[in-house]
There are 2 protein chains.
Amino acid sequence: MSVNWEDFYSSLAGRKSSGALAEIFKLTERPDIISFAGGFPAEDMYLVDEAREIMEDIMARKQTDALGYSPTPGFSELREYIAGRQTGLNMKASMNNIVVTSGSSQGVDLVCQAFIDRGERVMVEAPTFLGTISTLSNHEAKIEPISMDEEGLNTDELEEKLKQWEKENNLPKALYTIPTFQNPSGRTLSLERRKTLLNLASKYNFIIFEDYAYGELRFKGETLPTLKELDQEGRVIFLGSFSKILSPGARIGFIQADEKVVDKIILIKQSLDQCSNSPGQYLILEFGKRGLIERQIERTVDILKDKSSLTMELLEENFKDIATWTKPEGGFFTWLILPEEFDSEKALPLCVDQAKVAYVAGSTFFLGGEGKNNLRLCFSEPLLSEIREGMPKLKEFLVDVMEGKVKITS
Amino acid sequence: MSVNWEDFYSSLAGRKSSGALAEIFKLTERPDIISFAGGFPAEDMYLVDEAREIMEDIMARKQTDALGYSPTPGFSELREYIAGRQTGLNMKASMNNIVVTSGSSQGVDLVCQAFIDRGERVMVEAPTFLGTISTLSNHEAKIEPISMDEEGLNTDELEEKLKQWEKENNLPKALYTIPTFQNPSGRTLSLERRKTLLNLASKYNFIIFEDYAYGELRFKGETLPTLKELDQEGRVIFLGSFSKILSPGARIGFIQADEKVVDKIILIKQSLDQCSNSPGQYLILEFGKRGLIERQIERTVDILKDKSSLTMELLEENFKDIATWTKPEGGFFTWLILPEEFDSEKALPLCVDQAKVAYVAGSTFFLGGEGKNNLRLCFSEPLLSEIREGMPKLKEFLVDVMEGKVKITS
């Protein structure tokens, strides 16, 4: 008699039933579809020749080091390099403030493990990164969404809620935020609000997880200080990533935090995957030492500038009567706001099928119910020619839906 | 005012205060120490030229694929290769039975996430792999140790306990086992006990996590069928690893399980690290396709054979009056049993300091208190010359302790 697995699942496994991210990945694989869904770097952003040369070199010079285990917090050389780089970005760090993570996805998991007990409350922007919603849910955190506008997280709303929670003696422990070129909205928290946010964190004693995955990809406007840079009390735990500025496949990110916190995180990481992969760590280190991370950022920013300009132009041309959208100064995304009654979730399969265009439905990035009239569009991955072809197709489809020419049934 | 991190830690972080594995890593880094502590492949086991050639080739042919994200369950090509390889090892699998993991450490974390709720009971061998004790503790599983003898897990004891638990209506959910060339003991579960174990799993309805990290490294005796191979009811979830047979730094392992279970695990892995690193996956795949995994296993087994023979010889020569030990047929380890009163934990710092030899104290692999008179010795990593030099030094130190010439104070 075969075992019945349903009898054995954990409550977590029992709750798991769909993989929105996996569905997004699948959509982007169909060759006939123009995809604004992804969220990946474009192929021409990579410095492939340099990567090949570096890998050859690593395997020739480092040999058994590159094949063997690394220390749980990462190779010391890499931690030192990252600390130096962060210091150069005005976020002073020593090696002991840095732990290498297997992508910043693992970084989010690690800070949840280190700080969040079941039922504890974590504030997030609404909308926010799907992966974080999922990780917080796995840890059974109670997620408190705070709304956003074009200046990022709504700090007025945040303050009101904090006041209320303080009265109830029920203040949340932490805020997870992507203040710069947010995923999914493309919005950036203004300098004034950054300061307000840190003041509120101090006043109401919560900690901040600052996710900076897209932060260095600015193609317009002035650089803003990170929360970590502005932080006077060491309240900000910084989640860094090389996935968008070098290689997502290397699966190397890092956490910058107080040394004591880093020590705890190292102990927790040991039981997750023991250490991050060695070739990926050397790849990042060598790219860095040769100045190639900066070169790839430049190249990526140039490409994003062209793609975002074209996207903005086509949005203006096609969508100005039916939508508003974010005008990002960096990163991969813009965020469309359509009339209230539009249901982007239900429309998506039809859009893929009929218009051959994919997006991500806004509701994916909210906790439940909201965001149906929103779309996330990624302009990083599609070619300029695909953006030019896809935008009018998308517009035509959306108008057909709004005018009832395409019927959406559930 | 600086934030007080103690106020923010999760209960897990609060419990974390030492890293035994990290300490082991540190000991092995000191160049003046002969280390039997490690548990890593030796440097001369790696096929470094082949690895370099493959990495060059991957970066030339796969380019953006090797730098980009992989699907959460792993590249399809790799999953198919692993399924084929497992089928060849008499554990029939299709791609849909395989999920690639970031080392089999993550495999253990994933099965815990998928099956074990806080407070649920998981049986383990005593002693067992330290990483698993730590992962189970993170998940707040209640660990039920079952003792071992030279034939592996004591199935008589297991049966008695199961009978008792059945009476109490309190049967455990799962057993984690390393039946072949166990870490730390070097012991192998006999064929008869393998069958008994599966019968007990069926009778008392528990599932089995079979960790096979060392299973292919047999240097003596006849190959035994895995639990997965003998399993008639699909109760065994198989944890595979390429860390000991190819490269630990690649951080690539896999789980083989029922397709439904694999689907759940994929959903959970998404929130851990999204996907395993791409260069590591291609490295394994290309090694495999070129027949080099088999070649590296042969080479590794040849080296292990020499090192274990010498180790056994020197143990016989030096230790026969003061200890007994496992005579492993494969893997990396032997396990010394010293007189009851010996405290290997307290003796370790002195042994490193005075004899310049490192081992791992047996108590590291038990839940608490036991195993003080045991040592784990790894013969995989030290050179033959180091084994020859280190064994008599270790013996001399142990005798000095037993005779009171070296005083151990706490």
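Keep in mind it's a predicted model, so treat the numbers as computed, not measured.

Caption draft 1: Examining the interface of chain B and chain A more closely. Listed as interface residues are 82 residues of chain B and, on the opposing side, 82 residues of chain A. At the junction of chain B and chain A, the tally comes to 40 residue pairs in polar contact (both at pLDDT 80 or more). Elements represented by at least two residues in the side of chain B that touches chain A include exactly helix H1 (11-15), helix H2 (20-29), helix H3 (48-61), helix H4 (64-67), helix H6 (103-115), helix H7 (130-138), helix H11 (259-270) and helix H12 (278-289) of chain B. Counted by class, the side of chain B that touches chain A contains 36 nonpolar, 29 polar and 17 charged residues.

Caption draft 2: Structural view of the nonpolar core. Counting 178 residues, the largest nonpolar core has Phe319 of chain A together with Phe319 of chain B as the members making the most contacts within it. With residues near it in sequence (within four places) discarded, phenylalanine 319 of chain A still touches Leu314, Trp325, Leu336, Met391, Leu394, Lys395 and Leu398 of chain A.

Caption draft 3: Expanded view of the relation of the copies chain B and chain A. The two copies are related by a screw motion: chain B maps onto chain A through a turn of 180 degrees and a shift of 0.0 Å along the axis, at an RMSD of 0.0 Å. The two molecules are tied by a two-fold rotation axis, judged by turn and shift. The rotation axis passes nearest to the C-alpha of glutamate 56 of chain B in chain B, at a distance of 2.7 Å. Interface overlap between copies is the fraction of interface residues in one copy that are interface residues in the other; for chain B against chain A it reaches 100%, indicating a shared surface.

Caption draft 4: Inspection of the sheet that holds strand E9 (residues 253-256) of chain A at higher detail. Residue and element names in this part refer to chain A. The mixed open sheet is built from eight strands, whose spatial order is E2-E9-E8-E7-E6-E3-E4-E5. Two strands bound the open sheet, and with one partner strand each, they are strand E2 (98-101) and strand E5 (152-153). Packing of helix H6 (residues 103-115) onto the sheet brings it into contact with E2, strand E6 (174-177), strand E7 (207-211), strand E8 (236-241) and E9, and relative to E8 it is tilted by some 155 degrees. Against the sheet, helix H8 (residues 155-167) contacts strand E3 (121-126), strand E4 (142-149) and E5, and its axis sits at roughly 145 degrees relative to E4.

Caption draft 5: Geometry of empty space enclosed by the protein. Scanning all chains against the criterion turns up 12 cavities of 30 Å³ or more. At the level of secondary structure, the elements contributing two or more residues to the lining of the largest cavity comprise helix H1 (11-15) and H6 of chain A together with H1 and H6 of chain B. Grouping the constituent residues of the lining of the largest cavity by class yields five nonpolar, 10 polar and seven charged.

Caption draft 6: Structural view of the pairing of strand E3 (residues 121-126) of chain B. All names here are of chain B. In terms of burial, E3 is a largely internal element, six of the six residues being buried. Assessed by its sense of winding, the connection that carries the chain from E3 through H7 to strand E4 (residues 142-149) is right-handed. Two elements, E3 and strand E6 (residues 174-177), share three bridges in a ladder whose sense is parallel. Bridged to methionine 123 within E6 is leucine 175.

Caption draft 7: Looking closely at the packing of aromatic side chains. In the structure shown here, the tally under the stated rule is 30 aromatic pairs over all chains. Within the aromatic cluster, the residues linked to one another by ring pairs are Trp5, Phe8 and Tyr9 of chain A together with Phe115 and Phe209 of chain B. Taking NZ or CZ as reference, lysine 264 of chain A lies 5.2 Å from the ring centre of tyrosine 9 of chain B, over its face. Over the aromatic face of tryptophan 165 of chain B sits the side chain of arginine 121 of chain B, whose NZ or CZ is 4.8 Å from the ring centroid.

Parameters at a glance
- Residues numbered from 1 in each chain as written.
- Chains lettered and ligands numbered in written order.
- Predicted model: local features only at pLDDT ≥ 70, side-chain atom pairs only at ≥ 80, totals over all residues.
- Heavy atoms only, no water.
- Contact = heavy atoms within 4.5 Å.
- Polar contact = N/O pair within 3.5 Å; in protein donor to acceptor, adjacent residues only side chain to side chain.
- Helix = DSSP H or I, 4+ residues; strand = E, 2+ residues; numbered from the N terminus.
- Nonpolar A, V, L, I, M, F, W, Y, C, P; charged D, E, K, R; others polar.
- Core = buried A, V, L, I, M, F, W, Y, C linked by side-chain atoms within 4.5 Å.
- Buried < 20%, exposed > 50% of the residue type's maximum accessible area, 1.4 Å probe, protein only.
- Least-squares fit on C-alpha atoms with pLDDT ≥ 70 in both.
- Pairing = 2+ DSSP bridges.
- Axes fitted to C-alpha atoms, helices over the stretch in contact; angles between N-to-C directions.
- 1 Å grid on protein atoms, 1.4 Å probe; cavity = no way out; pocket = protein on both sides within 12 Å on 5 of 7 lines; lining within 4 Å.
- Points joined across faces, edges and corners; volume = space filled by probe spheres on them.
- Right-handed = clockwise from strand over helix to strand, strands pointing away.
- Phe/Tyr/Trp six-rings, centres within 6.5 Å; stacked < 30°, edge-to-face > 60°.
- Lys NZ or Arg CZ within 6 Å of the ring centre and 35° of its normal.

In short, the description is geometric, and any link to function would need to be established separately.
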